[in-house]
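Residue-level structural notes
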Amino acid sequence: MTQRRFEKSQEIGPRFHELIPGGAHTYARGDDQFPQGMAPYVTRGEGCRVWDVDDNEFIEYSMGLRSVTLGHAYPDVIRAIAEQLPLGCNFGRPNTLELECAERFLSMVSTADMVKFARNGSDTTTAAVKLARAYTGREMVALCQQHPFFSVDDWFISTTQTDAGIPQATKNLTVSFSYNDLASLEALFARHSQAIACVVMEPERLEQPQNNFLAEVKALCERHGTLLVFDEIVTGFRWHNGGAQAMYGVTPHLSCFGKAIANGFAFSALAGARDIMELGGLHHERDRVFLLSTTYGAETVGLAAAMATMAVYQREDVIGHLSAVGRRLRRGVEGLINDHRLPGHFTVFGRDCCLFFGTNDEDKNPSQPFRTLFLQECLRRGLMAPSFIVSYAHQPDDIDKTLEIVDQALAVYAQALDSGIDGYLEGRPVKPVNRARN
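Residues numbered from 1 in each chain as written. Predicted model: local features only at pLDDT ≥ 70, side-chain atom pairs only at ≥ 80, totals over all residues. Heavy atoms only, no water.

Here we look at the overall build of the chain
Assigned secondary structure in the chain consists of 15 helices and 13 strands. In terms of overall dimensions, the chain has a C-alpha envelope of 70 × 55 × 45 Å along the principal axes. The 438 residues of the chain split such that 54% are buried. Residue pairs at least 24 apart in sequence account for 73% of intrachain contacts in the chain once pairs closer than 6 positions are excluded. Split by element, the accessible area of the chain, about 19700 Å² in all, is 49% carbon and sulfur. Taking the average place of the 42 positive charges on the side chains of the chain and the average place of its 53 negative ones, the gap between the two points comes to 1 Å. (Helix = DSSP H or I, 4+ residues; strand = E, 2+ residues; numbered from the N terminus. Buried < 20%, exposed > 50% of the residue type's maximum accessible area, 1.4 Å probe, protein only. Contact = heavy atoms within 4.5 Å. Areas by Shrake-Rupley, 256 points an atom, 1.4 Å probe, with all protein chains shown as cover. Lys, Arg positive; Asp, Glu negative; His and termini not counted. Charge placed at Lys NZ, Arg CZ, Asp CG, Glu CD.)

Have a look at this one:
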């Protein structure tokens, strides 16, 4: 085995922390999420592989936090951007690409009447909350507590352990319910009668909806005059070309898309029913909502990337490929779990197109040290896998090579369970992103 070395990454790491709070612009990319001394600084990517400053090559499964669904530097997307660059990127009036992109988006997400573009998912979810509050005249937000992230803004971050700097009055406006538990949402409506502006949830995360849950949630919202907002930042363009709402046949009042919509370029979308979306427009008589008015919301490079990405989805069976290679990976990992006698200690879960893994200790309790050990053994063998998120670029041969590495990593994992992790783990364990103190 050729072990990877990380000298240059270790050398430049302090410079990142000197200039950037947290050492990264996204906490999930922080070096506290990687084994100590093995946090690579990436220089380039192609397909499902990345290279770091030490020229280590990795098969990658984060794929831009699930945003690079087609693969790094996908030729069609790069070509579209290259063609747009000489034409300018930002103007004082709408560019015709805005209309073309809106038409293409709504041809895919046909459950929506109107769309407005932004640069990240948090902008769109917060805009959806603002629209819901204006439309209903209410202030409270009910969100699904099993879904880990909705926005960087106060209405959501106030519900996490990282809630420093957020006023208590803001915290009091957000309440939570449980997925696949309609009674928990009914209890919120009973407790906060005529106060909940919207219900915010992913249509699916780690478990599938049961007993017609999504349709029941929508019906409950409509009985109480509340808007249903689907966060499709992950599920959109990974579950179905029209989002999970199309797959399950449940149309929310508003929905938010991002990540895969532009293959990793900064682009997101808020979509929904015309009578709600028009509150941010110029043709209504109600109080006006200042909705997603951003300098870069229609910057043409992002528009070109989104147009090219959606064209690939419409032309080729991207969704089918994600499911197929994800299924191959899941079945392979499940076989290795059995081979190494690790049921209950190492798990793989989620939909085939969006897989995660769980690491448990000798008592089968969730374990950050064992997660760190698995990451450590994968990284040193050329696998960067904070999750098992596949892309259109992952091919069967890549999956098979991945399984070879996972096999070796799980062999060490099993030894550590038998004889103690201290003899195998090098450095401190990784930490949860959302925590009260460092």
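Description of the packing of aromatic side chains
Under the definition given, this model contains 20 aromatic pairs. Taking the centre distance of 5.4 Å and the plane angle of 80 degrees together, the rings of F105 and F257 count as edge-to-face. One end of the pair, F105, is in helix α4 (residues 96-108); the other, F257, is in strand β9 (residues 254-257), and 152 residues separate them in sequence. Accessibility classification places F105 together with F257 in one group, the buried group. Put simply, the rings of Y61, F346, F357, F370, F374, F388 and Y413 touch in pairs and so form one group of aromatic residues. (Phe/Tyr/Trp six-rings, centres within 6.5 Å; stacked < 30°, edge-to-face > 60°.)

Some points on the nonpolar core
F105, F237, F346, F374, F388 and L410 are the most contacted members of the largest nonpolar core, which has 79 residues in total. In terms of residue count, helix α15 (residues 396-419) provides more of this core than any other element does, eleven residues in total. Beyond its immediate sequence surroundings of up to four residues, F105 is in contact with V115, F237, F257, I261, A269, A271 and M310. By size, the runner-up hydrophobic cluster in this structure holds 28 residues, among which are A118, V200, V229 and L254. (Core = buried A, V, L, I, M, F, W, Y, C linked by side-chain atoms within 4.5 Å.)

Some points on helix α9 (residues 213-223)
For α9, the set of buried residues is F213, L214, V217, L220 and C221. Looking down the long axis of α9, one finds its buried residues gathered within 125 degrees of arc, a one-sided arrangement. Of the surrounding secondary structure, the elements contacted by the buried residues of α9 are β6 (174-177), α8 (182-191), β7 (196-201), β8 (227-231) and α10 (244-248). Once α9 finishes, G225 follows within two positions and takes phi at roughly 70 degrees, a positive value. (Arc of directions from axis to C-beta.)

A few points about the sheet that holds strand β3 (residues 57-60)
Sheet architecture is open: four strands sit in the order β1-β2-β3-β13, paired in mixed fashion. Because the sheet does not close on itself, it has two edges, and the strands there are β1 (42-46) and β13 (383-384). (Pairing = 2+ DSSP bridges.)

Observations concerning α8
Looking at α8, one finds that the buried residues are S184, L185, L188 and F189. Buried residues of α8, viewed axially, fall in a sector of 145 degrees; they line one side. Within α8, the exposed residues directed more than 90 degrees away from the buried face are A190 and R191.

A few points about the pattern of salt bridges
The tally for this structure, following the rule as stated, stands at 19 salt bridges. A salt bridge links R351 to E204; the nearest nitrogen and oxygen atoms lie 3.1 Å apart. Of the two residues, R351 sits in the loop between β11 (346-349) and β12 (356-359) while E204 sits in the loop between β7 and α9, which places them 147 residues apart along the sequence. Judged by relative accessible area, which is 22%, R351 ranks as partly exposed. On the accessibility criterion, E204 (2% relative accessible area) is buried. Note that R315 and E316 form a salt bridge whose closest N and O atoms lie 3.2 Å from each other. In this structure E316 comes out as partly exposed when scored by relative accessible area, which is 28%. Here the residues in one salt-bridge network are D76, R79, R315 and E316, joined through shared partners. (Salt bridge = Lys/Arg side-chain N within 4 Å of Asp/Glu carboxyl O.)

A word on the sheet that holds β6
One open sheet accounts for seven strands, arranged β4-β10-β9-β8-β7-β5-β6; its pairing is mixed. On the outer flanks of this sheet lie β4 (114-118) and β6, each paired with one strand and no other. Here the strands of the sheet are splayed against their neighbours by 20 degrees on average, with no regard to which way each runs. Against the sheet, helix α5 (residues 121-136) makes contact with β4, β5 (140-144), β7, β8, β9 and β10 (268-272), and its axis sits at roughly 25 degrees relative to β10, the strand it touches most. (Axes fitted to C-alpha atoms, helices over the stretch in contact; angles between N-to-C directions.)

A short note on the packing of α8 against α9
The contact between α8 and α9 brings their axes to 11 Å, and the two run at 10 degrees. Considering the angle they form, α8 stands roughly parallel to α9. Across the interface between the two elements, L182, L185, E186 and F189 from α8 touch F213, E216, V217, L220 and C221 from α9. Among the residues making up the contact of α8 with α9, the classes are represented as seven nonpolar, no polar and two charged. (Parallel < 35°, antiparallel > 145°, perpendicular 65-115°, else oblique. Nonpolar A, V, L, I, M, F, W, Y, C, P; charged D, E, K, R; others polar.)

Some words on the pairing of β12
Burial along β12 is two-sided: F356 and G358 and F357 and T359, pointing in opposite directions, are all buried. Relative to β12, β11 is paired through four bridges, and the arrangement is antiparallel. Note that in β12 the partner of F346 across the bridge is T359. Taking the residues that link successive antiparallel strands as the turn, the β11-β12 hairpin has six residues, and the phi of G350 there is positive, at about 105 degrees.

Just distances and angles here, no functional claims.
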